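# Structural overview
In case you want the letters, here they are:
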Amino acid sequence: MIALFRKNRRPTPAHPLEARSKTGANDYRGERKPGLKCAPARTDGVFRQAIETGRTRLLITGAVMALAFAAVSGRLVEVAALADPHEPRSVHAVRTTEVQTERAAIVDRNGKLLATSLRTVGLSANLRKLLDPVEAAEKLASVLPELDANRLSAKLSRDANFAWIHRNLTPRQQHQINSLGIPGLEFHDREARVYPQGRLLSHILGYTDVDNRGLSGLERSFDEALRTSDKPLRLSIDLRMQHALHEELKNAIDEFQAVGGAGVIMDVKTGEVAAMVSMPDFDPNHPTADPSAARFNRATLGVYELGSTFKIFNTAMALDAGTVTMAGGYDASEPLKISRYRISDYHAENRWLSVPEIFIHSSNIGSAKMALEVGPAGQKAFMQKMGFLDRLALEIPETGTPQYPKTWRPINTMTISFGHGISVTPLHLASGVASMLNGGHQVTPTLMKRYAPVKGPQIIKREVSDAVRKLMRLNTLEGSGKNAAVPGYLVGGKTGTAEKVGASGGYKRKALISSFVAAFPMTDPRYVVYAVLDEPKGTKATFGYATGGWVAAPLVGRVIERIAPMAGISPVNPQDPDIRHALAIMPPKSEQKRLASFTATMTAAIGTE
Amino acid sequence: MRVFVMFVWVMLFGATGYTLFHITFQVEMMEGELSRLNQEIIKEQEAVHVLKAEWSYLNRPARVETLSKEWLPMLGRISPAQVMRVEDLPMRQDKDQDDDQPSIGANDLTAGAEALPASLKSSEGEMSQ
């Protein structure tokens, strides 16, 4: 700029700035001197001084300006190219790999989707802006056939600001409603809870209300966690096992016209519930479509007298207390009479029975005597250890509290020995059996995936646990559980048939709770499978019997046949000498006389002698 | 010389200005592109989310079973006799070594035994879910 200024002025010789010219400033001055009228020396000095001052000022100004410009350009470069942007950038790349929903998904142990939230559109009306409610209702009903025009117009004519019309519109319906062009209608982005598996897990998952608040099952107990977490909730349930149990239980209920049923598959080592079914069930997508009785969870909330399956615990209790050994036994030749009660056997043998015989013939008399030797206090303490006197601890809110006598008298001890007089949930029983079979450690059931086996406190001795395994195995070979046998999987089990308490208080002969509990493979149990049917009726195929051995045992056998390959359990040869040895029960050596029939049975059953 | 210096300055200013605006516009354009892509990604993710639910719905065990009954009637329920471990498969035998051994498939096994070959130890190991 300074250069430009100088250049322009150059052709004007008289200008003071000419003095700065390099071409002999003095010479010019000398020539011009005569032309000036005033005193040259003084004028010259004043001019020069003025020029110098001007130049200096100009220079300083120029320098300051240049500096300022330099600063501005420097800053420009810094901001544009070098410095980090201090302002947040307006756009960022999306980083989420999953869609953010208000409610996290629920998946099974293998990651299969069980419950998720989907975006949908809700339709509401702003009643103040709605011009003609009747016309609007008619138009809407033509697009949404599930709505009744009269009821809708009544709803829209109310004196209010706001009314929901529909909560889940399909995109097509939304488009159609949009093209109706009714003023005052509003669309809302909503989320709908969807259960792709339908009825399969109804009682486990529970359901939510229209505002996606959990109302039952895991949806309720994990309501807060599901809202705040992005990660799906991983359950212990194996969808395939759940399906196998669900289907077989449903078939059995249909076949025997039972009013309901429940089933549990539990991992013996971890306590994980791999499958849990309660029938009748409901569709959590439409929870109110089924009668409310269908929402009752028989597997965890319903408490039942579960009958002879309790003989597993009774025998374990007596063996653990040491009041009897596997070689011992009791006289079951005559029914027991105590005050006005009479205890008799369903499959009466009317003779002295050894402990294994009491188990496989399901002798009530023998079991009652066995329990009496332990005593009411010991039995109560044992039941307490098993958790049969406490409310079931599980993740869902629908858990039942057992019913048991307040004063534990000898008669109670006797009936409880064969599963009457104490009511527990089917899941109580399944976890109790698991505790008996895993070496005697208490099993706490869970619906959440566990990654490592959990070893609870020891309830019974390891040897007693081994004995129980052998007894249960013997029962499917020779006893009441034959119908549950599956070749190759070494199933062991126990039947249970209890009469339901009628309205008048007494037991009803015809209304039964028939159940079967099994575990496999008995050499090292992995899964407990329990099924219970409520009021089954006998069929021709079962010769009219509706007992556990006839209705529940075959069902459990079919379930085991289906789930064993899923669990990666390969079939073995039950005739293998190692296996026979591992599961053999040695018949008592003494008392040979009384045991003639017993020895014959044992020899036939296990062939080790 | 001055003209040249002037020229250089002008060019520099011009180039700087051009580059600056060019970069600004480019950044703006790319940000627009980014937000478009972001929206597209979110849309796709939502579609995937819905499809996952649908996939899960279509793969309900009950439905798969019905389909299998209809289209794969030869695959009935697996009986334990059909389950074997790889270790239990008979190994191929070289002819020159074992001429006296029976060939595969010719084993005259007793009834019921052919299906259950695994040893007792099988229930101990490999229980992976």
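Because the structure is predicted, anything quoted here is derived from the model rather than measured. (Residues numbered from 1 in each chain as written. Chains lettered and ligands numbered in written order. Predicted model: local features only at pLDDT ≥ 70, side-chain atom pairs only at ≥ 80, totals over all residues.)

## Thoughts on the overall build of chain B
Across its full length, chain B carries two helices and zero strands. Within chain B, buried positions represent 5% of all 129 residues. (Helix = DSSP H or I, 4+ residues; strand = E, 2+ residues; numbered from the N terminus. Buried ≥ 20, exposed ≤ 12 C-beta atoms within 10 Å, placed from the backbone.)

## Things to note about the overall build of chain A
Looking only at helices and strands, one finds 20 helices and 14 strands in chain A. Of the contacts made within chain A by residues no fewer than 6 positions apart, 70% connect residues no fewer than 24 positions apart. (Contact = placed C-beta atoms within 7 Å.)

## What to know about the environment of A:E248
Residues and elements named next belong to chain A. Tracing the sequence through the fold places E248 in helix α10 (residues 239–255). Classification of E248 as buried rests on a count of 24 C-beta atoms within 10 Å. Residues E248 and G479, spaced 231 residues apart in sequence, show a C-alpha to C-alpha distance of 23 Å. Among all residues touching E248, those that are not within four sequence positions of it are L555, R558 and V559.

## As for helix α4 (residues 133–143) of chain A
Residues and elements named next belong to chain A. Residues of α4 that are buried include every one of P133, A136, A137 and L140, and no others. With its buried residues spanning 100° around the axis, α4 presents them on a single face. On the buried face of α4, the contacting elements are α5 (149–156), β3 (162–169) and α6 (171–180). (Arc of directions from axis to C-beta.)

## A short note on the confidence of the model for chain B
Residues and elements named next belong to chain B. Across chain B, pLDDT averages 75, with 71% of residues at or above 70. Across residues 103–129, confidence stays below pLDDT 50; counting only partners more than four residues off in sequence or on other chains, it has 39 contacts. On the interface metric, ipTM, the complex scores 0.71, and its pTM is 0.75. (pLDDT = per-residue confidence, 0-100.)

## Re unusual backbone geometry
A negative phi holds for most residues other than glycine; trans holds for most peptide bonds. All names here are of chain A. A cis amide bond links M279 to the next residue, P280, at an omega of -5°. Structurally, the position occupied by P280 is in the loop between β7 (273–279) and α11 (311–321). Phi at Q257 is positive, roughly 50°, even though this residue is not glycine. With respect to the secondary-structure elements, Q257 resides in the loop between α10 and β6 (260–267). Classification of Q257 by C-beta neighbours within 10 Å gives partly exposed; the count is 13. Even without glycine at this site, L490 takes up a positive phi of about 50°. Taking the C-beta count within 10 Å as the criterion, L490 has 31 such neighbours and is therefore assigned buried.

## Focus on the environment of A:G184
Residues and elements named next belong to chain A. Relative to the elements of secondary structure, G184 occurs in the loop between α6 and β4 (185–194). Using a count of 16 C-beta atoms within 10 Å as the deciding quantity, one classes G184 as partly exposed. Along the sequence, G184 and K129 sit 55 residues apart, while their C-alpha atoms lie 4.7 Å from each other. Those residues in contact with G184 that sit more than four places away from it in its chain are A125, N126, K129, L130 and L131.

## Concerning helix α16 (residues 426–437) of chain A
All names here are of chain A. The terminal C-alpha atoms of α16 lie 17 Å apart, and with 12 residues this matches the ideal 16 Å at 1.5 Å per residue to within 8%. Along α16, 12 of the 12 residues are buried, which leaves the element largely enclosed by surrounding structure. What α16 keeps buried is the set P426, L427, H428, L429, A430, S431, G432, V433, A434, S435, M436 and L437. Where α16 ends, the next residue or the one after it, G439, has phi of about 100°, a positive value. (Expected span 1.5 Å × (residues − 1).)

## Regarding the confidence of the model for chain A
All names here are of chain A. In this model, chain A carries a mean pLDDT of 82, and residues with pLDDT of at least 70 account for 85%. Across residues 17–31, confidence stays below pLDDT 50; counting only partners more than four residues off in sequence or on other chains, it has six contacts. For the stretch residues 601–609, pLDDT sits under 50, and the model shows 14 contacts to residues farther than four places along the chain or on other chains.

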